[in-house]
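Structural description and commentary
Listed below are the residues making up each chain.
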Amino acid sequence: MFLLKDIKYKDILDIKELKFEESKVACIVGESGSGKTTLLRLLNKLISCDGGEIFYKNKPFKHINSVDLRREVVMLPQAPAIYGGSIKDNLLIGLKFGEKPIVSDERLLEILRLVKLNKGLNDDADKLSGGEKQRIALGRVILMEPEVLLLDEPSSALDEDTEELIIEALVSYTRNRGKTLIMVTHSKKIAGSFSDKIVELSKRDSY
């Protein structure tokens with residue numbers, strides 16, 4: 001699905017060749033400052049590499065419209081935005097931005113169950129805890145049904161037990177739907193338990 005060749009980005013990344021396969025789960029691990037988030041941002045065309053080339057579905061990035069790419073490849077940052085209003089408003093806002101059809105309340109409740117959040121659709125999103133907000137943002141991305149989910153520490157605000165439940169549900173969802181999941185995680189345990197591929201980055205090292 002993605003192929004990176006001879007990628008250089010400042011003094012952060014130096015990647016000779018790296019592949020992410022379609023319909024697989026990949027985890028990116030490594031010490032702070034090793035370029036994990038930078039790699040996700042490159043895959044979403046939020047930044048551009050200084051050298052080398054990235055391919056998506058065998059097509060060079062330079063020939064792919066950024067907006068079109070981001071409709072298929074959706075990134076969830078580590079500190080995602082939560083908007084004023086209800087949980088329902090926050091779940092639907094990604095569909096509105098992406099100009100996708102609005103789904104039923106029943107579908108929204110399915111998403112809340114998937115991310116293990118026992119809340120009502122009309123509850124105030126501002127009153128949620130950090131971990132609950134993180135799960136709402138994750139639900140928002142899942143609702144958009146992208147081909148590729150790029151997740152930057154999607155469970156960093158959760159306790160260990162809840163984290164494992166959420167990641168297990170997320171991985172099951174992506175595998176059942178034939179989606180591709182590329183996830184930065186601080187947990188080598190999570191990476192070892194759930195991924196098909198582990199990419200470990202080190203400061204100033206080449207991959």
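- Looking at an unreviewed UniProt entry, one finds the protein chain named ABC transporter ATP-binding protein and attributed to Alkaliphilus pronyensis.

1. Brief notes about the packing of helix H4 (residues 105-114) against helix H5 (residues 130-143)
- Interhelical geometry of H4 versus H5 gives an angle of 125° and a closest axis separation of 9 Å. Relative to H5, the element H4 lies oblique. Like other packed secondary-structure pairs, H4 and H5 cross with a definite hand, here right-handed. From H4, Arg107, Leu108, Ile111, Leu112 and Leu114 reach across to H5, where they touch Ile136, Gly139, Ile142 and Leu143.
- Split into classes, the residues belonging to the contact of H4 with H5 amount to 7 nonpolar, 1 polar and 1 charged.

2. Some details on the nonpolar core
- Counting residues in each nonpolar core, the largest one holds 37 residues, and the members touching the most others are Leu91, Leu138, Ile142, Leu151 and Leu181.
- With 6 residues, the top contributor of residues to this core is H5.
- Filtering out sequence-adjacent residues up to four positions away, Leu138 remains in contact with Leu76, Val115, Leu151, Ile166 and Leu170.
- If you look at the next biggest cluster of nonpolar residues, it comprises 29 residues, including Leu4, Leu150, Val184 and Val199.

3. What about the packing of aromatic side chains?
- In total, this model carries 3 aromatic pairs according to the counting rule given.
- When the centroid spacing of 5.1 Å and the interplanar angle of 40° are considered together, the rings of Phe2 and Tyr56 count as tilted. Here Phe2, found in strand S1 (residues 2-9), pairs with Tyr56, found in strand S4 (residues 51-56); they are 54 residues apart in sequence, far enough to count as distant. Of the two residues, Phe2 and Tyr56, neither departs from the other in class, the shared state being buried.

4. Remarks on the pattern of salt bridges
- Evaluated as defined, the whole model comprises 15 salt bridges.
- The shortest N-O distance in the salt bridge between Glu99 and Arg71 comes to 3.8 Å. Separated by 28 residues along the polypeptide, Glu99 in the loop between helix H3 (87-97) and H4 and Arg71 in helix H2 (residues 66-72) bring together distant segments of the chain.
- What makes Glu99 exposed here is its relative accessible area of 66%.
- The partner of Asp105 in a salt bridge is Lys88, with the nearest N and O atoms 2.9 Å apart. One end of the pair, Asp105, is in helix H4; the other, Lys88, is in helix H3, and 17 residues separate them in sequence.

Rules behind the numbers
Residues numbered from 1 in each chain as written. Predicted model: local features only at pLDDT ≥ 70, side-chain atom pairs only at ≥ 80, totals over all residues. Heavy atoms only, no water. Axes fitted to C-alpha atoms, helices over the stretch in contact; angles between N-to-C directions. Helix = DSSP H or I, 4+ residues; strand = E, 2+ residues; numbered from the N terminus. Parallel < 35°, antiparallel > 145°, perpendicular 65-115°, else oblique. Left-handed = near helix turned anticlockwise from the far one by under 90°. Contact = heavy atoms within 4.5 Å. Nonpolar A, V, L, I, M, F, W, Y, C, P; charged D, E, K, R; others polar. Core = buried A, V, L, I, M, F, W, Y, C linked by side-chain atoms within 4.5 Å. Buried < 20%, exposed > 50% of the residue type's maximum accessible area, 1.4 Å probe, protein only. Phe/Tyr/Trp six-rings, centres within 6.5 Å; stacked < 30°, edge-to-face > 60°. Salt bridge = Lys/Arg side-chain N within 4 Å of Asp/Glu carboxyl O.

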